[in-house]
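Structural characterization, general
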Amino acid sequence: MSAPLFDPTATPVGREVKIAPRPVRLDGLRIGLVENTKFNSATLLLRLADRLGRRHGMTVAQMARKRSPSHEVDDAAIAALRRQCDFVVSGIGD
Amino acid sequence: MDDPAGLIEAYFERGWTDGLPVVPPTEKAVAEMLAGAGMRGDEILGEIPGRNTVVVADKVAINAVLAGCRPEYMPVVAAAIRALCHPDFAYHGPASSTGGSAMVLIVNGPIARRIGLNSGNNAFGQGWRPNATIGRAVRLVMMNVMQARPGLLDRAALGNPGKYSFCFAENEDDHPWEPFHVARGLHVDQSAVTLYASNSLYQVYNQLAAEPEPLLRCFADALSNLGLPNVKGFNQALVVLAGEHTEVVRQSGWSRRQFQSFLVEHTRRRVADLKRAARLPGDVTSGDESSWRYLFEKPEDILIVCAGGRAGSWSACLPGWGNKWTKAVTTAIGVIQ
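The text that follows walks through the structure, step by step, so that each part is easy to find. (Residues numbered from 1 in each chain as written. Chains lettered and ligands numbered in written order. Predicted model: local features only at pLDDT ≥ 70, side-chain atom pairs only at ≥ 80, totals over all residues. Heavy atoms only, no water.)

With that settled, consider the pattern of salt bridges. Residues and elements named next belong to chain B. Throughout the structure, instances matching the rule amount to 21 salt bridges over all chains. Of the charged contacts in the structure, one is a salt bridge between Glu300 and Arg257, with a shortest N-O distance of 3.1 Å. You can see Glu300 sitting in the loop between β9 (292–294) and β10 (302–306) and its partner Arg257 sitting in helix α11 (residues 256–266), a full 43 residues away along the chain. Glu300 gets classed as partly exposed once you look at its relative accessible area, which sits at 40%. The residue Lys324 makes a salt bridge to Glu297 at a minimum N-O spacing of 2.6 Å. Of this pair, Lys324 sits in the loop between β11 (314–319) and β12 (329–332) while Glu297 sits in the loop between β9 and β10; the two residues are 27 residues apart in sequence, bridging distant segments of the chain. Relative accessible area serves as the criterion here: at 44%, Glu297 is assigned to the partly exposed category. (Salt bridge = Lys/Arg side-chain N within 4 Å of Asp/Glu carboxyl O. Helix = DSSP H or I, 4+ residues; strand = E, 2+ residues; numbered from the N terminus. Buried < 20%, exposed > 50% of the residue type's maximum accessible area, 1.4 Å probe, protein only.)

Here is the structure:
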């Protein structure tokens, strides 16, 4: 009889995530920004938004600030982003 | 597969180890591990919501066997996993950061003596089974259950050797003050584990200091160097007093609060220094030469623990990971009758 292996791993618990519909055009969209408090996070995101504004006439509708890079975006901020924005850009990494 | 070496290789092949050989589990060993903490296999020890991760006792027990734990270590492992899942620890950052934190486990109370956790000579080093395997079990749970695998959800640039295991007991016998877990609000007769994330360890040497003040100036300097991870917000830090330094503090009569307050006041850098080193943005202005950036907000953010051998003029400073985004968590260890 051979000894069985014991699987020490666990897979993440299943959670249904629906992907939001992709915008069919870029012009005039409302941008949501989520900055994570790292150095230059807000600078980079605002510069990106500025470029999108000049190219596609987009505007920043909502800018959320995370409590820290370690924490998730809080529920109130997510609700506001959902209400006011067509898409969200989040960042940044190291 | 009955060949022990072949079994060990099978665990390697599946990516279920930390790079060291593991102890292949058996039904009996896993059951005994669970019994060691008085837990059912389906008991939930905690969740990491951002990872959709639920940590169930039987997986923790399997990883504890793999790590080489004895069943009587399991209450410490379980308490450490609960601390990992505590919201104050904010698991995502210290587990995933490029900073590569070690999960430092400080064990207090009767269980430390009962299971033979080392608090003395070479407390951070090799040679003691509970020290080596309890921390290893926690890291294996992070890898196997919480998906913190190097290069994937563990993005450490360098990591550090403490990521294999970093577990020690406090030396409560030679302490100048109440034990650490009592300072954290628990009863002296309780057992507890404190989980603390740190990505570096500086050994601090001072053979001449006969009073706390010169010694603490060395700690303050070590905790405010220009390469420190966090200079923007306030930090937590762990100071581990060893041997002769412990005696210097005890004989001085300084309280824990005095010790902490001195470090709050003296752990600082000039803004000009931080700007010249590009740790803060912007050009140096005249006011920056006399403007100070303090690293600690309040005394209790400096955690002081005693450990190590009685001889030697060494202590250690371990800066915390993150600007108090991640806080040390102290968890009572369940008592098994």
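Residue and element names in this part refer to chain A. Judged from the 6 bridges that link them, strand β1 (residues 30–35) and strand β2 (residues 59–65) form a sheet pairing that is parallel. By the bridge assignment for β2, Glu35 is matched with Arg65. Viewed along the sheet, the connection from β1 through helix α1 (residues 41–56) into β2 turns out right-handed. (Pairing = 2+ DSSP bridges. Right-handed = clockwise from strand over helix to strand, strands pointing away.)

Turning our attention to the nonpolar core. Side chains that are nonpolar tend, in soluble globular proteins, to be buried together. Residue and element names in this part refer to chain B. Met74, Ile81, Leu84, Val107, Ile134 and Met146 are the most contacted members of the largest nonpolar core, which totals 62 residues. Excluding its chain neighbours within four sequence positions, the residues that come into contact with Ile134 are Cys69, Tyr73, Val76, Val77, Leu105, Ile115, Leu117 and Cys167. Ile106, Phe180, Leu215 and Ala316 belong to the second-largest nonpolar core, a separate cluster that totals 45 residues. (Core = buried A, V, L, I, M, F, W, Y, C linked by side-chain atoms within 4.5 Å. Contact = heavy atoms within 4.5 Å.)

Bringing the interface of chain B and chain A into the picture now. Across the boundary between the two partners, chain B contributes 37 residues, which contact 24 residues of chain A. Carbon and sulfur atoms make up 58% of the surface buried where chain B meets chain A, a total of about 2400 Å² over both sides. The three residues of chain B that bury the most area against chain A are B:Trp16, B:Asn52 and B:Trp325, which together make up 25% of that side's buried surface. Taken together, chain B and chain A are joined by 0 salt bridges. Put simply, chain B and chain A have 10 residue pairs in polar contact (both at pLDDT 80 or more) between them. (Buried area = accessible area lost by both parts, 1.4 Å probe. Polar contact = N/O pair within 3.5 Å; in protein donor to acceptor, adjacent residues only side chain to side chain.)

Residues and elements named next belong to chain B. Enumeration according to the criterion identifies 9 aromatic pairs over all chains in this entry. What links up through ring pairs into an aromatic cluster is the set Phe124, Phe166 and Phe168. Over the ring of Trp292 we find Arg268; its NZ or CZ atom is 3.6 Å from the centre of that ring. (Phe/Tyr/Trp six-rings, centres within 6.5 Å; stacked < 30°, edge-to-face > 60°. Lys NZ or Arg CZ within 6 Å of the ring centre and 35° of its normal.)

All names here are of chain B. The 4 strands lie next to each other as β4-β3-β5-β12, forming an open sheet whose pairing is mixed. Of all the strands in the sheet, the pair left with one neighbour each is β4 (167–169) and β12. Taking each pair of neighbouring strands and ignoring which way they run, the sheet shows an average axis angle of 20 degrees. Sheet analysis places strand β5 (residues 192–198) next to β12, joined by 4 bridges and oriented antiparallel. In the strand pairing of β12, Leu195 is matched with Val329. Against the sheet, helix α4 (residues 74–84) engages β3 (102–108), β5 and β12, with an angle of about 50 degrees to β5. Across the face of the sheet, helix α7 (residues 129–144) comes into contact with β3 and β4 while running at roughly 135 degrees to β3. (Axes fitted to C-alpha atoms, helices over the stretch in contact; angles between N-to-C directions.)

What follows covers the sheet that holds β2(A). In a beta sheet, neighbouring strands are held together by backbone hydrogen bonds and run either parallel or antiparallel to one another. Residue and element names in this part refer to chain A. Taken together, the 3 strands give an open sheet; going across it, the order is β2-β1-β3, and neighbouring strands pair in parallel fashion. Sheet topology places β2 and β3 (87–91) at the edges, where each strand pairs with a single neighbour. Within this sheet the neighbouring strands show an average axis-to-axis angle of 20 degrees, counted without direction. Direction of pairing for β1 relative to β3: parallel, over a ladder of 5 bridges. By the bridge assignment for β3, Val34 is matched with Ser90. Its contacts with the sheet put α1 on β1, β2 and β3, and the angle it makes with β1 is roughly 165 degrees.

Residues and elements named next belong to chain B. Relative to the elements of secondary structure, Gln236 occurs in the loop between α9 (212–222) and β7 (237–241). Gln236 sits in the buried class, given a relative accessible area of 8%. Engagement of the side chain of Gln236 in a polar contact is seen with the backbone nitrogen of Ala328, the distance being 2.9 Å. Aside from chain neighbours lying at most four places away, what touches Gln236 is Tyr196, Phe296, Asp301, Leu303, Pro319, Gly320, Lys324, Thr326, Lys327 and Ala328.

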